[in-house]
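Observations on the model geometry
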Amino acid sequence: MGRPRVNDESVKERLVECATEWLATRPRETLTIRAVATAAGTSTAAVYSLFGNKDGLIAAVRDEAVAGLFAAVTAVPATEDVLDDIYALAGAYRNWGREHPQLYTVLFGGVQSFEPSGTVGTGDPVRPLVQAVDRGVVESVLDGRARAIALSLWVALHGLVTLELAGALDTPTAQAAFRTTINATLRGWVTPEPARRLRRAELGGGIRSQT
């Protein structure tokens, strides 16, 4: 019987999965090729064959996180209401974080630096939010610099998701906080008429919700 291949897709997926768990729960400097290979039930040679070195493996984990979040937010369809679109993008971001807590932790927890809307290629997962904000500025729905507005939204959203993943907020509390916080942040940037509409919607319970 021939020797099994060490560089097939299933081994690659196991290595990325084990590295993701490691990086989400331990300091990056403790990760070793041998430890990840052992956890994945394979050899160190497989890591070198598939990723080149430890940095290549870590980059693969980050790439998976970026691609996953990018796919989630770009799946949100654009509508005629840019505020609804921004809210839906924020909801998609939150949902992805809840569904992939370890990848979210790796992406935004300091394993590798990530600047929102930075130079990470066309798959930048925050870029759709920046583009929606830019559209809001062009349409005179939002008043301010698009990057500053997007950053304030991301800070609020990231804080909410981080608290929820840490278990500091149960699901009902997190959902209520998501609605009020995102809308309060938007109200700080909208022009007068959209601000009145947001306030009426909030008081009337008509805010678009994401679960």
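Residues numbered from 1 in each chain as written. Predicted model: local features only at pLDDT ≥ 70, side-chain atom pairs only at ≥ 80, totals over all residues. Heavy atoms only, no water.

Observations concerning the pattern of salt bridges
Across all of its chains, the model carries five salt bridges by this definition. The salt bridge partner of Arg94 is Glu164, with a shortest N-O separation of 3.0 Å. Of the two residues, Arg94 is situated in helix α5 (residues 82-99) and Glu164 in helix α8 (residues 146-165); the sequence distance between them amounts to 70 residues. For the pair Arg94 and Glu164, a shared accessibility class is recorded, and that class is buried. Through salt bridges with shared partners, a single ionic network connects Asp85, Arg135 and Glu139. (Salt bridge = Lys/Arg side-chain N within 4 Å of Asp/Glu carboxyl O. Helix = DSSP H or I, 4+ residues; strand = E, 2+ residues; numbered from the N terminus. Buried < 20%, exposed > 50% of the residue type's maximum accessible area, 1.4 Å probe, protein only.)

Concerning the environment of Ala72
Residue placement: Ala72 occurs in helix α4 (residues 54-74). The spatial distance from the C-alpha of Ala72 to the C-alpha of Asn95 is 8.6 Å, given a sequence separation of 23 residues. Among all residues touching Ala72, those that are not within four sequence positions of it are Ala92 and Trp96. (Contact = heavy atoms within 4.5 Å.)

Digging into the confidence of the model for the chain
Taken residue by residue, the chain gives an average pLDDT of 85. The fraction at 70 or more is 85%. In the model, residues 117-121 has pLDDT below 50 throughout and makes nine contacts with residues more than four positions away in sequence or in other chains. (pLDDT = per-residue confidence, 0-100.)

So, helix α1 (residues 9-25)
Taking 1.5 Å of rise per residue, the 17 residues of α1 would be expected to cover 24 Å, and the 24 Å separating its terminal C-alpha atoms lies within 8% of that figure. Among all positions in α1, only Val11, Leu15, Val16, Cys18, Ala19, Thr20, Trp22 and Leu23 are buried. Packed against the buried residues of α1 are α2 (33-40), α3 (44-51), α4 and α6 (101-108). (Expected span 1.5 Å × (residues − 1).)

Things to note about the packing of helix α7 (residues 127-138) against α8
Viewed as axis vectors pointing N to C, α7 and α8 meet at an angle of 130°, and their least axial separation amounts to 9 Å. Of the possible angle classes, the one that applies to α7 and α8 is oblique. Crossing angle aside, the handedness with which α7 passes α8 is right-handed. Contacts between α7 and α8 involve Leu129, Val130, Val133, Asp134 and Val137 on the former and, on the latter, Ala146, Ile149, Ala150 and Leu153. Residues of the contact of α7 with α8, tallied by class, amount to eight nonpolar, no polar and one charged. (Axes fitted to C-alpha atoms, helices over the stretch in contact; angles between N-to-C directions. Parallel < 35°, antiparallel > 145°, perpendicular 65-115°, else oblique. Left-handed = near helix turned anticlockwise from the far one by under 90°. Nonpolar A, V, L, I, M, F, W, Y, C, P; charged D, E, K, R; others polar.)

Describing the nonpolar core
Residues Leu83, Ile86, Tyr93 and Val133 are the most contacted members of the largest nonpolar core, which totals 37 residues. Broken down by secondary-structure element, the contributors of at least two residues to this core are α4, α5, α6, α7, α8, α9 (171-187) and α10 (192-203). Examining the composition of this core, we find that nine residues originate from one element, α5, more than from any other. Counting 20 residues, the second largest nonpolar core, distinct from the first, contains Leu15, Trp22, Leu31 and Val36. (Core = buried A, V, L, I, M, F, W, Y, C linked by side-chain atoms within 4.5 Å.)

Concerning empty space enclosed by the protein
Inspection of every chain in the model, using the stated rule, returns one cavity of 30 Å³ or more. Approximately 70 Å³ is the volume attributed to the largest cavity. Every residue lining the largest cavity is listed: Val73, Leu89, Ala90, Tyr93, Pro125, Val126, Pro128, Leu129, Trp154 and Leu157. Partitioning the lining of the largest cavity into residue classes produces ten nonpolar, no polar and no charged. (1 Å grid on protein atoms, 1.4 Å probe; cavity = no way out; pocket = protein on both sides within 12 Å on 5 of 7 lines; lining within 4 Å. Points joined across faces, edges and corners; volume = space filled by probe spheres on them.)

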